[in-house]
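Close look at the chain arrangement
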Amino acid sequence: SIDHTERLLSNLLLWAVSQKGQIKLRPVEIDLNSFSSQIVDLHQLEASQKNIHLSNLIAKDEKVFADGNMLSTILHNLISNAIKFTSQGGKVEIKSERSGDWIAISVTDTGKGISQQNIERLFKAGEKFKTTGTANEEGTGLGLILCKEFIELQGGKIWVESEEDCGSTFYLILPTNKKV
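Residues numbered from 1 in each chain as written. Predicted model: local features only at pLDDT ≥ 70, side-chain atom pairs only at ≥ 80, totals over all residues. Heavy atoms only, no water.

Some remarks on the packing of helix α2 (residues 32-48) against helix α3 (residues 68-84)
Put simply, the rule reads: Throughout, an axis means a line fitted to C-alpha atoms (over the contacting stretch in the case of helices), and angles, computed between N-to-C directions, take values from 0 to 180 degrees. The secondary structure listing takes helices from DSSP runs of H or I that are at least 4 residues long and strands from runs of E that are at least 2 residues long, numbered from the N terminus. Each crossing is labelled by how the near helix is turned from the far one, with a counterclockwise turn of less than a right angle marking it left-handed and a clockwise turn marking it right-handed. We call two residues in contact when some of their heavy atoms are within 4.5 Å. For this classification, Asp, Glu, Lys and Arg are treated as charged, while Ala, Val, Leu, Ile, Met, Phe, Trp, Tyr, Cys and Pro are nonpolar and the rest, including Gly, are polar.
Relative orientation of the contacting elements α2 and α3 amounts to 35°, with a least axis distance of 10 Å. Every pair of crossing elements has a handedness; the one defined by α2 and α3 is right-handed. On the side of α2, the interface is formed by Leu 32, Phe 35, Ser 36, Ile 39, Val 40, Leu 42, His 43, Glu 46 and Ala 47, while α3 contributes Gly 68, Leu 71, Ser 72, Leu 75, His 76, Ile 79, Ser 80 and Ile 83. Per-class residue counts for the contact of α2 with α3 are 10 nonpolar, six polar and one charged.

Description of helix α5 (residues 143-153)
Let me state the cut-off plainly: Only protein chains enter the area calculation, which uses a 1.4 Å probe; residues under 20% of their type maximum are buried, those over 50% are exposed, and those in between are partly exposed.
Every buried residue belonging to α5 is among Gly 143, Leu 144, Ile 145, Leu 146, Cys 147, Phe 150 and Ile 151, and all of these are buried. At the exit of α5 stands Gly 155, carrying a positive phi of roughly 80°.

Quick notes on the side chain of Thr 169
Worth spelling out the cut-off: For this analysis, a polar contact is any N or O atom pair within 3.5 Å, provided that within protein one partner can donate a hydrogen and the other can accept it, and provided that sequence-adjacent residues contribute only side-chain to side-chain pairs.
Relative to the assigned elements, Thr 169 resides in strand β7 (residues 167-175). A residue is classified by how much of its surface remains accessible, and Thr 169, at 12% relative accessible area, is buried. Among the polar contacts listed, one links the side chain of Thr 169 to the side chain of Thr 108, at a separation of 3.0 Å. Other than its neighbours up to four places away in sequence, Thr 169 contacts Ser 106, Val 107, Thr 108, Trp 159, Val 160 and Glu 161.

Details of the pairing of β7
What counts, and what does not: Should DSSP find at least two bridges between two strands, the strands are taken to pair.
Buried residues dominate β7, accounting for seven of its nine residues. Where strand β6 (residues 157-163) lies against β7, seven bridges are found, and the strand directions are antiparallel. Note on β7: the bridge partner recorded for Ser 162 is Ser 168. Hairpin connection between β6 and β7: a loop of three residues separates the two successive antiparallel strands, and Asp 165 in this loop has a positive phi of roughly 65°.

Things to note about the packing of aromatic side chains
Condition: Only Phe, Tyr and Trp rings are paired, with Trp represented by its six-membered ring, and only when their centres lie within 6.5 Å; those with planes under 30 degrees apart are stacked, over 60 edge-to-face, the remainder tilted.
With the rule as written, the count across this model stands at two aromatic pairs. Ring geometry for Phe 123 against Phe 170: centres 6.4 Å apart, planes inclined by 75°, an arrangement best described as edge-to-face. Taken as a pair, Phe 123 in the loop between α4 (116-119) and α5 and Phe 170 in strand β7 lie far apart in primary sequence, 47 residues in all. Grouping residues by exposure puts Phe 123 and Phe 170 together as buried.

Quick look at the environment of Ser 80
Its place among the elements puts Ser 80 in helix α3. For Ser 80 and Val 92, which are 12 residues apart along the polypeptide, the C-alpha to C-alpha distance reads 9.9 Å. Sequence-distant contacts of Ser 80, that is, excluding residues within four places in its chain, are made with His 43 and Glu 46. Separated by 3.5 Å, the side chains of Ser 80 and Glu 46 make a polar contact.

Given below as structure tokens:
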């Protein structure tokens, strides 16, 4: 209950600050493999409690040009959600793929998936879309909205591909350099 309340207050604060335009974008070159490894490590206990295999498959020496705080918030939300909606014994993987001056980062799970109707509601602020995880974990309903706003502030995009009972893959695209 305390953890849920803390996540809700943190997300509300971040969302309110972003709505007022008070978040300063500070993009820098980030070593994506080591950056994502640190975040994956922070979620290993959460994953192991559900016997979920969590792996970082980001290529070595992959660089992205992004705001580290925003990227951290995005990856924490996506990995936490993937674990939340994956059943015991499942798996969650984070990968990257370069295409020219852009990097696509994906977070894939073998979870319960999302209906097409609900996919359309995921990133909309007015929808107040929340579901419980496979172990009745609760969300705040704001995490994906923050992810979308933070990605778009950096000139990137986010979307999801999912099928019920077959898992989900969340994709985000960010530039590899400041010239893009």
